[in-house]
Amino acid sequence: MFSGGDEKNIFVEICRFIEYHNRAGRRKQDFAFYRNWQSKNTVVGIRGPDGIMRRPGAFQLKKAMDRSGIKILVVDDEEKIASRVSKILEREGFATECAYSGEEAIYKLGKRAYDIVLTDLNMPGKSGFDVMNYLQCEKIDTLALVLTGYASVEGAIQAIKLGAYDFIKKPIDVPTLSLIMNRAAERVVLQKENSKNLVELKKLNELKNEFLSVVSHDLRSPLSTIGGYVNFLLKKGGLGEKNEKYLLIIKDIAESLYDLVNELLDISKLETGIMQINREEADLSEIIHASINNFLLLAVDKNNDIEYLNKLDNPRVSVDRMKILQVMNNLINNAIKFTEQGKITVTVEDLDTHVSVAVADTGVGIRPEMMENLFNAYTLHQNPGTRGEKGSGLGLVICKRFVELHGGTIRVASEEGRGSSFQFTIPRS
Ligand SMILES: Nc1ncnc2c1ncn2[C@@H]1O[C@H](COP(=O)(O)OP(=O)(O)OP(=O)(O)O)[C@@H](O)[C@H]1O
Ligand SMILES: [Mg+2]
């Protein structure tokens, strides 16, 4: 019934299943297994020696892993125990080595990469704890398990607190040893796969950024050409009211697309680390005035007052003027976008080594569940403004990155229905 590669794996899994259900001791012949007719690796029912059919749910029979790639260092000052454990594990298919003291284990761990170290705790000289300490201090990525005598359960608990994955009691019970070591090996394999996936994902992300920057860069010039021709036609005039209306719509769309493409370009430059800041001596109050002036008409249109409280002793700062202006523009634009018949207050003040800039509004506020992801590029949230103004949800992501490029921080406080306040700080130099 059980022979050959996959069948052998299935047999191993079934044995484990029986163990899990405390039926060790039963022979495999005592159980009848019913598999899914579509997927033969799924056992849907097991009839035990008592004749009762049990349905373990979709009990997936996994392919047994290749244990020969997993290196285990067995450490015990009692040579007999170390070599017995090592033999059992080799029979299971693992690659093992032995060390007969804490010192030897530390030496070996420093020389070679092991996936798992299974160490006795009480040894003369360096103990199992010392071995674990060494792994931690040297940041060695080896999974530690400990062997403990019956009397030293506290030792095992302490070891687990120190980061051991599991413990095995002495005298060693072979099925338990193999169960625990297989579980540890599965974890090692998963961890290895995870790190491989992470490297792949990083590569893909880089590719995406490169693609994004090439595409957005190449979209910019045709978009500005469209804008240029539309402006030319509008200036020329004589097109009739209806056609002018259509051209204005085209102009609007081309402008917002141009803005979006610029933002995408900024994001990809920020992510690839290409974006740099060009610091210059600048007057912070001048930057803020310039930004407020950009939005005065928009504020009046929505019946909003803008107040500027300049509490700076010295407005000179060393910043990338264009980037700080962009941060201010987005914060003030947002404040107006989400406020109607209200007040926007821009406050600038000195902190010890930093300056702080806050843009507060009395607008619609932000829902609490939205707050924590406002600055996150991977969970872009955006709502239309009080008059349905659209956005991409990228503005705050860019603000955060620009502020951080200056060595500063940005945060938000908001109450739904009452308003929001965005504050950022940047070092003076
Ligand atoms: N002052 C504010 N009041 C209320 N909600 C805000 C405020 N500022 C930001 N938000 C919320 O955060 C979201 C993200 O803002 P962000 O500036 O990143 O993007 P956007 O304004 O929607 O688009 P973009 O800035 O790219 O044109 C907004 O859509 C809005 O839901
Ligand atoms: Mg915005």
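The following paragraphs examine the structure supplied in this document. Remember, predicted model here, so these are calculated numbers, not experimental data. (Residues numbered from 1 in each chain as written. Chains lettered and ligands numbered in written order. Predicted model: local features only at pLDDT ≥ 70, side-chain atom pairs only at ≥ 80, totals over all residues. Heavy atoms only, no water.)

**Considering the environment of V412**
Among the structural elements, V412 can be located in strand β15 (residues 409-415). By relative accessible area, V412 is classed as buried at 19%. Spatially, the C-alpha atom of V412 lies 9.7 Å from that of V359, the residues being 53 residues apart in sequence. Apart from residues no more than four positions distant in its own chain, V412 is found in contact with I366, M371, L374, F375, S421 and F422. (Helix = DSSP H or I, 4+ residues; strand = E, 2+ residues; numbered from the N terminus. Buried < 20%, exposed > 50% of the residue type's maximum accessible area, 1.4 Å probe, protein only. Contact = heavy atoms within 4.5 Å.)

**A closer look at the sheet that holds strand β8 (residues 143-148)**
The strand order across the open sheet built from five strands is β6-β5-β7-β8-β9, with neighbouring strands paired in parallel fashion. Looking at which strands have only one partner, the edges of the open sheet turn out to be β6 (95-99) and β9 (166-169). Each strand of the sheet is rotated relative to its neighbour by a mean of 20 degrees, with strand direction disregarded. Relative to β9, β8 runs parallel, the two being bridged by four bridges. Along β9, the bridge assignment pairs T148 with K169. (Pairing = 2+ DSSP bridges. Axes fitted to C-alpha atoms, helices over the stretch in contact; angles between N-to-C directions.)

**Some remarks on the coordination of the magnesium ion (ligand 2)**
Here the magnesium ion (ligand 2) is held by N330 (OD1) and N334 (OD1), and the distances to it run 2.3 to 2.4 Å. Of this pair, N330 and N334 both sit in helix α9 (residues 321-337), four residues apart, roughly one helical turn. The buried category is assigned to N330, whose relative accessible area is 15%. (Donors = N, O, S within 2.8 Å, 3.2 Å for Na, K, Ca; no water.)

**As for the pairing of strand β14 (residues 354-361)**
Among the eight residues in β14, six count as buried, and that is most of the element. Note that strand β13 (residues 343-350) and β14 share seven bridges and pair antiparallel. The residue of β14 that forms the bridge with V346 is V359. Counting the residues in the hairpin turn of β13 and β14 gives three residues. Two elements, β14 and strand β16 (residues 419-427), share seven bridges in a ladder whose sense is antiparallel. Within β16, the residue paired with A358 across the bridge is Q423.

**Some points on the site of ligand 1**
As a matter of local geometry, ligand 1 sits amid 22 residues, with N334, K337, N383, S392 and L396 nearest to it. Between ligand 1 and N330, the relevant distance is 3.0 Å, taken from an oxygen atom to a side-chain nitrogen or oxygen of the residue. In the model, an oxygen atom of ligand 1 is placed 2.8 Å from a nitrogen or oxygen of the K337 side chain. For ligand 1, whose accessible area on its own is 590 Å², the fraction buried by protein is 95%. Those elements that place two or more of their residues in the shell around ligand 1 are α9, α11 (395-405) and β16. For the shell around ligand 1, the element with the most residues is α9, which contributes four residues. (Near = heavy atom within 4 Å. Polar contact = N/O pair within 3.5 Å; in protein donor to acceptor, adjacent residues only side chain to side chain. Areas by Shrake-Rupley, 256 points an atom, 1.4 Å probe, with all protein chains shown as cover.)

**Some words on the pattern of salt bridges**
Taken as a whole and judged by the stated rule, the model has 19 salt bridges. D76 is paired through a salt bridge with K170; the nearest N and O atoms lie 3.0 Å apart. Placement of the pair is D76 in the loop between β5 (71-75) and α2 (79-91) and K170 in the loop between β9 and α6 (174-236), with a sequence separation of 94 residues. Assessed through its relative accessible area of 0%, D76 is described here as buried. On the accessibility criterion, K170 (13% relative accessible area) is buried. A salt bridge links E286 to R321; the shortest N-O distance between them is 2.8 Å. (Salt bridge = Lys/Arg side-chain N within 4 Å of Asp/Glu carboxyl O.)

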